[in-house]
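For reference, the chains in residue letters:
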Amino acid sequence: MNPQTSGTVYRADKQRFNACKIPVMHILIVEDDEVARDSLAKALREAGHSVDVANNGLDGLQMASSMGVDLAIVDRMLPKLDGLALVQSLRATGRKIPVLILSALGDVDDRITGLRAGGDDYLTKPYHMSELLARIDALARRGEGNTAETNTKLKLADLELDRMTRRVTRNGKKIELTAREFQLLEFMMRHSGQVVTRTMLLEGVWDYHFDPQTNVIDVHISRLRQAIDKDFDKPLLHTVRGAGYSLREDE
Amino acid sequence: MGPDQRFLGVLATSPFRIAIVYSIVFACGAAALLGAVDFAVSRVVDGSTDNLIEAEVQGLREQMVVLSRSDFIELIEQRSQDQDVRGAVYLMVDPQLRPVAGNVPAWPKEANQDKWFYFKVSVPYGDETREHEMRARPFHLPGGYRMLVGHDVQERQDVKSLMMRGLIAAVVVTLLMGLGGGFWMGRRILAQAGAISAVATQIMRGDLSQRLPVRDADDEINKLAREINTMLDKIEQLTLGMRTVLDSAAHDLRTPLNRLQATAEGAMPGLAPGSPERRVLERVTSEVDHMRSTLDALLRIALAETGTVAREPVDLSELVASVVELYEPASEERGIALHSSVAPGATVQGSRQLLAQALANLLDNAIKFTPDGGHIRVVLRGSASEPEVIVEDDGPGIPADKREIVLGRRVRLDEARKFPGSGLGLSLVAAVTKLHGAHLVLDDAGPGLKVSLKF
């Protein structure tokens, strides 16, 4: 295996983290664990973002409120000011930037507590970097284009989905989907051009917050792929190795 | 609870029942007491009346010997008029029972032999007359004449009936007051018990911050409530402590795992895919994944077992249908037919996420152990509030003597070692079932395993 690009980053990894064009953001990381903070900062910088770091809650709150931060990644347990308190204070001042909460706690109800405090997404440690990148990408693009909740007609290349009539067509040809396949496609279309992980699908489509031991999601995706890609030249539903899936128009 | 039910509820309370028993006992006591008084009074009064009459009869008998009949008749007439002997009655009749002398108009038919008897006489009271009861004794005079001497006992009868009426009134009032008091006490207890059971329900749902209502009284219910509250304080402290321990254990395990994952992932982009170094790192991340899923399962089991999970109404019918739907493509891929029959409208109080994971674990297991082309059956049946979920497969099943132990932590039967998994799947199912107050039964599906969750 040969290096394919300059530097030490290989194309396959570049593709995994950077499968699509991620909007460049100014991201604040509030994390007291040095190893986690540094590798997170490094990965985000490699993905093209500019990164600021804080190692305690008070500094984090100050930086998040004053600077031109686009998105914040906040650990739950922080010195000086707890992660949840940070998010609550931030929301109390009216700052609406997307916040991803990282947690090393038990889970089940902690997730709900985190979202109630004002977090937009919640990720339990240890996480895969690809999972985190996919999630901040989804957070960053919330409200734009296809992702807008109010949009009833979603479109990607020749694939169209109408939420009102529950009709899906590709190249004008009607595609029959089950209710769940429709939901799955709708979720994928809302996140078109992004990497969507299996857990994001399980959370977004089924509202389940656990990892099934078997590859249940993969089988659902391959059914959906059968339905939308089988009879057409250009595949739209791609597998992103080691990360998840992506619905996009290329290759 | 409707008003009727509440009323019936009061009737079933222990204070009300105790009040009924005591009212009856007191009423019987009052009746017995008054009966005894009446008996004693009757004996004294009757005895003195009888003595009086006996003496009169004796006196007349003596007079009869010395006096001629006409003088005797005159004597009787005289006695009859005598104002001093109030209430005394005399009557002398001839052999045909026609009155000869005295102040009683006719020979009473009650007077047959020479025995004490009662009869009634009309006594003038101003313009009207009133029936008075007399106690009298008849006796024979020479020549077939008969005579009776009696005494007005109406006054005693009046007193007696007054006493009887008083007695009945006392019994009725005692009963009514007893019932009323019992009802009032019952309502009080019921209100307090209702408040206590409402709070207890909330506590059972996982809200350990709730406390039983305590009134400012020192009765046994309030004492009990206070003691239970002290116990709840302790349980809350213990649970909170347990939760803190769990959280810090989770934190202390997840943080280094996260570092390991981040370090391995961070180093990977610099290594050529397929290189030995890279393979080592890939191995590391996959082991981290495995440790994470085991840790998640253990933490969830611990959370379920300590009961520190928020509970809310969960639409079990929807959940079962959706988990079945999630696993349907995966089972179809293995050629396994997944049949389901889900009764609508079943709701339970609990954690949707934990219930979903428990069901998912059961289906994971069923798919894992069912041979290709086999069958899995998922059934939700029973009433809306007490549903039963059954997952049945036709895999190898679990031998009867091992069904108990597989529910313990980390038990994997030898036959199962060739399948992937942490061995915590059924333990989590057991912990989640227990948290929801349900019964978990493993049974033979002949062949295969039948798992039943009875809520």
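No experiment lies behind these values; they were computed from the predicted model shown.

Caption draft 1: Spatial organisation of the overall build of chain A. For chain A, the helix and strand inventory stands at nine helices and 12 strands. Relative to its full complement of 251 residues, chain A shows a buried share of 47%. Here the analysis covers contacts within chain A between residues at least 6 apart in sequence; of these, 60% occur between residues at least 24 apart.

Caption draft 2: Spatial organisation of the overall build of chain B. When you go through chain B residue by residue, the secondary structure sums to nine helices and 12 strands. Residues counted as buried form 28% of the 455 residues belonging to chain B. Considering only contacts in chain B between residues 6 or more positions apart, those separated by 24 or more positions represent 62%.

Caption draft 3: A look at the packing of helix α5 (residues 220-267) of chain B against helix α6 (residues 276-306) of chain B. Residues and elements named next belong to chain B. Where α5 contacts α6, the axes come no closer than 10 Å and their chain directions differ by 170°. Between α5 and α6, the angle is such that the two are roughly antiparallel. On the side of α5, the interface is formed by Thr239, Met242, Arg243, Leu246, Ala250, Leu253, Leu257, Leu260, Gln261, Ala264, Glu265 and Ala267, while α6 contributes Leu281, Val284, Thr285, Val288, Met291, Arg292, Leu295, Leu299, Ala302, Leu303 and Thr306. Looking at the contact of α5 with α6, its residues break down into 16 nonpolar, four polar and three charged.

Caption draft 4: Structural view of the pairing of strand β2 (residues 50-54) of chain A. All names here are of chain A. Two elements, strand β1 (residues 26-30) and β2, share five bridges in a ladder whose sense is parallel. When the sheet's bridge partners are listed, Leu28 is paired in β2 with Asp52. On the question of chirality, the crossover connecting β1 to the parallel β2 by way of helix α2 (residues 34-46) is right-handed.

Caption draft 5: Layout of the sheet that holds strand β9 (residues 375-382) of chain B. Residue and element names in this part refer to chain B. Reading across from one edge, β7-β9-β10-β12-β11 is the order of the five strands in this open sheet, with mixed pairing throughout. Edge positions in the open sheet fall to β7 (337-342) and β11 (439-444), since each of these has one partner strand only. If you compare each strand with its neighbour and ignore which way they point, the axes differ by 10° on average. In terms of strand pairing, β7 meets β9 through six bridges, oriented parallel. Looking at β9, one finds that His339 is bridged to Arg377. In the packing of helix α8 (residues 352-369) onto the sheet, contacts are made with β9, β10 (387-393) and β12 (449-454), and the angle to β10 comes to roughly 20°.

Caption draft 6: Quick peek at the environment of Pro213(B). Residue and element names in this part refer to chain B. With respect to the element layout, Pro213 can be found in the loop between α4 (154-204) and α5. It is 8.1 Å that separates the C-alpha atoms of Pro213 and Val199, two residues lying 14 residues apart in sequence. Setting aside chain neighbours within four positions, we find Pro213 in contact with Ala195, Ile196 and Val199.

Caption draft 7: Representation of the interface of chain A and chain B in the model. Each partner contributes residues to the interface: chain A has 38 residues there, and chain B has 46 residues. Counting only elements with at least two residues in the side of chain A that touches chain B, the list comes to α1 (11-17), α2 and α9 (216-229) of chain A. Among the elements that line the side of chain A that touches chain B, the one with the most residues is α2(A), at six residues. For the side of chain A that touches chain B, the class distribution of residues is 21 nonpolar, eight polar and nine charged.

Caption draft 8: The sheet that holds strand β1 (residues 88-93) of chain B, seen in detail. All names here are of chain B. Spatially, β2-β1-β5-β4-β3 is the arrangement adopted by the five strands of the open sheet, whose pairing is antiparallel. Taken across any chain shown, the strands that pair with only one partner, and hence form the sheet edges, are β2 (99-102) and β3 (117-125). Strand after strand, the sheet turns through a mean of 30° between neighbouring axes, direction not considered. Judged from the nine bridges that link them, β3 and strand β4 (residues 128-140) form a sheet pairing that is antiparallel. In the strand pairing of β4, Val121 is matched with His132. Across the sheet, helix α2 (residues 14-66) touches β4 and β5 (146-152), and the angle it forms with β5 is around 150°. Strands β1 and β2 of the sheet are contacted by helix α3 (residues 69-81), whose axis makes an angle of about 50° with β2.

Caption draft 9: Seen up close, unusual backbone geometry. Cis geometry marks the peptide bond from Lys125(A) to Pro126(A); its omega dihedral reads -5°. Locating Pro126(A) in the fold gives a position in the loop between β5 (121-124) and α6 (129-140). Even without being glycine, Leu97(B) reaches a positive phi, approximately 65°. With respect to the secondary-structure elements, Leu97(B) resides in the loop between β1 and β2. Here Leu97(B) falls in the partly exposed class, since 13 other C-beta atoms lie within 10 Å of it.

Caption draft 10: Spotlight on the pairing of strand β4 (residues 99-103) of chain A. Residue and element names in this part refer to chain A. Counting buried positions over the five residues of β4 gives five, a clear majority of the element. Relative to β4, strand β3 (residues 71-75) is paired through four bridges, and the arrangement is parallel. Directly across from Ala72, in β4, lies its bridge partner Val99. For the crossover that starts at β3, traverses helix α4 (residues 83-92) and ends in the parallel β4, the hand is right-handed. For β4 and β5, the ladder comprises four bridges, and the chain directions are parallel. Within β5, the position partnered with Leu100 by the bridge is Asp121.

Caption draft 11: View of the nonpolar core. One finds Ala72(A), Val323(B) and Leu359(B) to be the most contacted residues of the largest nonpolar core, which totals 126 residues. The biggest single contributor to this core is α8(B), with 11 residues. Residue contacts for Val323(B): discarding those within four places in its chain leaves Ala356(B), Leu359(B), Ala360(B) and Leu363(B). By size, the runner-up hydrophobic cluster in this structure holds 20 residues, among which are Ala101(B), Trp107(B), Met134(B) and Leu148(B).

Caption draft 12: Structural view of the confidence of the model for chain A. Summarising the model, chain A shows a mean pLDDT of 83, and 87% of its residues fall at 70 or more. Low pLDDT, under 50, characterises residues 1-20 of chain A; the stretch is placed with 40 contacts to residues that sit more than four places away or in other chains.

Caption draft 13: Inspection of helix α7 (residues 316-333) of chain B at higher detail. All names here are of chain B. For α7, built from 18 residues, the straight-helix expectation of 26 Å at 1.5 Å per residue is met to within 8% by its first-to-last C-alpha distance of 26 Å. Maximal helix bending in α7 amounts to about 35°, located at Tyr327; proline Pro329 follows within four positions. For α7, the set of buried residues is Leu316, Leu319, Val320, Val323, Val324, Leu326, Tyr327, Glu328, Pro329, Ala330 and Ser331. Among the residues trailing α7, Gly335 stands out with phi positive, at a value near 75°.

Caption draft 14: Structural view of α3(B). All names here are of chain B. If you check α3, its first and last C-alpha atoms are 18 Å apart, about what 13 residues at 1.5 Å a residue would give, namely 18 Å. Within α3, the full set of buried residues consists of Phe72, Ile76 and Arg79. In a view along the axis of α3, the buried residues occupy a sector of 65°, so they form one face of it. Looking at α3, the residues exposed on the side facing more than 90 degrees away from the buried face are Ser70, Asp71, Gln78 and Gln81. Lining the buried residues of α3 we find α2, β1 and β2.

Cut-offs applied
- Residues numbered from 1 in each chain as written.
- Chains lettered and ligands numbered in written order.
- Predicted model: local features only at pLDDT ≥ 70, side-chain atom pairs only at ≥ 80, totals over all residues.
- Helix = DSSP H or I, 4+ residues; strand = E, 2+ residues; numbered from the N terminus.
- Buried ≥ 20, exposed ≤ 12 C-beta atoms within 10 Å, placed from the backbone.
- Contact = placed C-beta atoms within 7 Å.
- Axes fitted to C-alpha atoms, helices over the stretch in contact; angles between N-to-C directions.
- Parallel < 35°, antiparallel > 145°, perpendicular 65-115°, else oblique.
- Nonpolar A, V, L, I, M, F, W, Y, C, P; charged D, E, K, R; others polar.
- Pairing = 2+ DSSP bridges.
- Right-handed = clockwise from strand over helix to strand, strands pointing away.
- Core = buried A, V, L, I, M, F, W, Y, C linked by C-beta atoms within 7 Å.
- pLDDT = per-residue confidence, 0-100.
- Expected span 1.5 Å × (residues − 1).
- Bend = angle between axes of the 7 residues up to and from the residue.
- Arc of directions from axis to C-beta.

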